[in-house]
2 protein chains.
Amino acid sequence: MKIGYLQFNPDFGKTDKNREQIQNKLENIKADIVVLPELPVSGYFFSTKKEAEILAEPIPGPTTNMLQKISLKTGTYFVSGILEKSNGNLYNSAVLISPEGPISTYRKTHLFYKEKEFFQPGNDYFIVDIKGVKIGMLVCFDHLFPEAARTLALMGAQIICHPSNLVLPEIAQQTTRVRALENRVFWIMANRYGSETKKGKTNTYTGKSQIIAPNGKIIHQSSAEGDELYITEIDPEDALKKNITELNNVFEDRRTDIYIN
Amino acid sequence: MKIGYLQFNPDFGKTDKNREQIQNKLENIKADIVVLPELPVSGYFFSTKKEAEILAEPIPGPTTNMLQKISLKTGTYFVSGILEKSNGNLYNSAVLISPEGPISTYRKTHLFYKEKEFFQPGNDYFIVDIKGVKIGMLVCFDHLFPEAARTLALMGAQIICHPSNLVLPEIAQQTTRVRALENRVFWIMANRYGSETKKGKTNTYTGKSQIIAPNGKIIHQSSAEGDELYITEIDPEDALKKNITELNNVFEDRRTDIYIN
């Protein structure tokens, strides 16, 4: 299975321009699943909820239509961050797009900082079967809570797709390695780079998107800056093998009899 | 509060010699809590359960007596790995020693590889109050299971003391940084170094003992080889502050309503 990500730097609020650039980068892709960053069409650093509302879109909508067209042409499935509007609420979501259109939407469950003023949190973890492989989705800050990835892994996820707009340097690059290892899953962290300034405050996004193997090894890591479309071939069966020694299994060795949560 | 560790390389099976060397290194110590590696008196790589039985000791016993004497003289509390014999069973334990003697014993709950043939697992996590600071204990492989550290942190642990004999290079150096960060606790990982060979198989222990701050930063890391007694001053109150932004708290933001375990 060919999996990958697009590291990208959207221009804040320029949704048409961003979609066009994404389309240009992806339209000749040869891959099974490709992950895009969090909010790659709208940008991230909203000053007000009103500003976010103006940039939000429904599912299906312009972004999923654009990705569906590429999916139809190339056979690639996409997991993309999206500023989702639904029933008057805003969500910081990841949407999974197939040749038939968007097939499921994960709404970020751990909202970071001011996102709490703009978005409703999601209330659901789930996995989706793509070409016989079980996919789970998380968004950015979800990485800090081990229970989120653990929940997906226990549900059977083999690949965790993780659109991100990371601002804390090197943190998620570490946590996602540990999450992949402790659950023995593949992890695709698609981060953005660049910066956004609002009212004298600047968010700098840390790039270094990465794909991690179930043994915790970095298969590939991008630079801190610069667009990169990276695709690699993996064997998703590796994520079904939960043993780390002949006698140790990351699921069976868990002591759920004595953990508190 | 002054916390630290002793990185050390015991000579397998030479319990008297190892105790003497530990005593020499610690007897003039000035610290509040010092952590020793896993099994620093017996060594680790047992060929048979019989061999482990011969090297095991009760609590209280020769090792805790030796550490109690130093504790009485210096006022330092110790967390040491110990090969514990109790009611005919063997445990891979961490014992907390005060001037009054051993005050509590944690038995490793996640046994690594052949340990499953030698030891009974422990069935309990708990915290102990030392000089007004809440201490939790884990042993070596427990680090791989995020639920173990999370359980101690939720119980109120400010410092996690982690005697280790790590053989997988660089893994626990990563996981313990992430555990400290995701729980906002101090973490003292006291590892051994050197190697042990039995029946043509060699265990190489990876050193690089480390102390991590609640923000995930490495306060100090030892070399891969060599004895080191390292002590540093910390403010344990830092581990009571669970916010990572004004609006994000590593405990309050948890979504226990939707996690599965």
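Above this text you will find the structure in question.
Residues numbered from 1 in each chain as written. Chains lettered and ligands numbered in written order. Predicted model: local features only at pLDDT ≥ 70, side-chain atom pairs only at ≥ 80, totals over all residues. Heavy atoms only, no water.

1. Here's the deal with the interface of chain B and chain A
Facing the 47 residues of chain B at the interface are 47 residues of chain A. Between chain B and chain A, roughly 4100 Å² of surface is buried when both sides are summed, and carbon and sulfur atoms account for 61% of that area. Across the chain B-chain A interface, the total number found is 8 salt bridges. Note that A:Glu182 and B:Arg179 form a salt bridge whose closest N and O atoms lie 2.6 Å from each other. At the boundary of chain B with chain A, the tally comes to 28 residue pairs in polar contact (both at pLDDT 80 or more). If you list the elements that add at least two residues to the side of chain B that touches chain A, you get helix 4 (115-118), helix 5 (146-154), helix 6 (171-183), strand 15 (243-245) and strand 16 (248-249) of chain B. It is helix 6 of chain B that provides the largest number of residues to the side of chain B that touches chain A, a total of 8 residues. Of the residues that constitute the side of chain B that touches chain A, the class distribution is 21 nonpolar, 12 polar and 14 charged. (Contact = heavy atoms within 4.5 Å. Buried area = accessible area lost by both parts, 1.4 Å probe. Salt bridge = Lys/Arg side-chain N within 4 Å of Asp/Glu carboxyl O. Polar contact = N/O pair within 3.5 Å; in protein donor to acceptor, adjacent residues only side chain to side chain. Helix = DSSP H or I, 4+ residues; strand = E, 2+ residues; numbered from the N terminus. Nonpolar A, V, L, I, M, F, W, Y, C, P; charged D, E, K, R; others polar.)

2. Things to note about the relation of the copies chain B and chain A
Mapping chain B onto chain A calls for a rotation angle of 180° and an axial translation of 0.0 Å; the resulting RMSD is 0.0 Å. Between the two chains, the operation in question is that of a two-fold axis. Both copies share a contact surface, since 100% of the interface residues of chain B are interface residues in chain A too. (Least-squares fit on C-alpha atoms with pLDDT ≥ 70 in both.)

3. Re the environment of B:Ser209
Residue and element names in this part refer to chain B. If you trace the backbone, serine 209 turns up in the loop between strand 11 (201-206) and strand 12 (210-212). With 201 residues separating them along the chain, serine 209 and phenylalanine 8 place their C-alpha atoms 9.8 Å apart. Among all residues touching serine 209, those that are not within four sequence positions of it are Tyr5, Gln7, Met189, Ala190, Asn191, His220, Gln221 and Ser222. In terms of polar contacts, serine 209 uses its side chain to reach the backbone amide nitrogen of asparagine 191, at 2.8 Å.

4. A closer look at the sheet that holds strand 2 (residues 33-35) of chain B
Residues and elements named next belong to chain B. On the basis of which strands lie adjacent, the open sheet formed by 6 strands has the order 5-4-3-2-1-14 and mixed pairing. Strand pairing shows two members of the sheet lacking a second neighbour, strand 5 (101-107) and strand 14 (228-233), which therefore form its edges. Each strand of the sheet is rotated relative to its neighbour by a mean of 30°, with strand direction disregarded. (Pairing = 2+ DSSP bridges. Axes fitted to C-alpha atoms, helices over the stretch in contact; angles between N-to-C directions.)

5. Points about the nonpolar core
Within the largest apolar cluster, 66 residues are counted, with the highest numbers of intra-cluster contacts made by B:Phe46, B:Leu138, B:Ile159, B:Cys161 and B:Trp187. At 5 residues, strand 9 (residues 186-191) of chain B tops the list of elements feeding residues into this core. Beyond its immediate sequence surroundings of up to four residues, B:Leu138 is in contact with B:Tyr106, B:Tyr125, B:Ala148, B:Ala149, B:Leu152, B:Ile160, B:Cys161, B:His162, B:Pro163 and B:Trp187. With 65 residues, the next largest nonpolar core counts A:Phe141, A:Ile159, A:Ile188 and A:Ile212 among its residues. (Core = buried A, V, L, I, M, F, W, Y, C linked by side-chain atoms within 4.5 Å. Buried < 20%, exposed > 50% of the residue type's maximum accessible area, 1.4 Å probe, protein only.)

6. Points about the pairing of strand 6 (residues 127-130) of chain A
Successive residues of a regular strand alternate their side chains across the two faces of the sheet. All names here are of chain A. The side-chain alternation of strand 6 yields one buried face, formed by Val128 and Ile130, and one unburied face, formed by Ile127 and Asp129. In this sheet, strand 7 (residues 133-137) lies alongside strand 6 in antiparallel orientation, the contact comprising 4 bridges. Following the sheet pairing, isoleucine 127 is matched in strand 7 by glycine 136. The antiparallel pairing of strand 6 with strand 7 creates a hairpin that spans 2 residues between the two strands, and lysine 131 there sits at a positive phi of about 50°.

7. Looking at the side chain of B:Gln173
Residues and elements named next belong to chain B. By the element assignment, glutamine 173 lies in helix 6. Judged by its relative accessible area of 4%, glutamine 173 falls in the buried class. Within the local environment of glutamine 173, its side chain forms a polar contact with the backbone nitrogen of glutamate 170, the two atoms lying 3.5 Å apart. Each residue touching glutamine 173, except ones within four places of it in the same chain, is listed here: Leu166, Met189, Asn191, Thr206, Gly207, Lys208, Gln210 and Gln221.

8. A few points about helix 5 (residues 146-154) of chain A
Residue and element names in this part refer to chain A. Most of helix 5 sits out of view: 8 of its 9 residues are buried. Along helix 5, the residues that are buried comprise Pro146, Glu147, Ala148, Ala149, Arg150, Thr151, Leu152 and Ala153. Directly beyond the C-terminal end of helix 5, a positive phi value near 115° is found at glycine 156.

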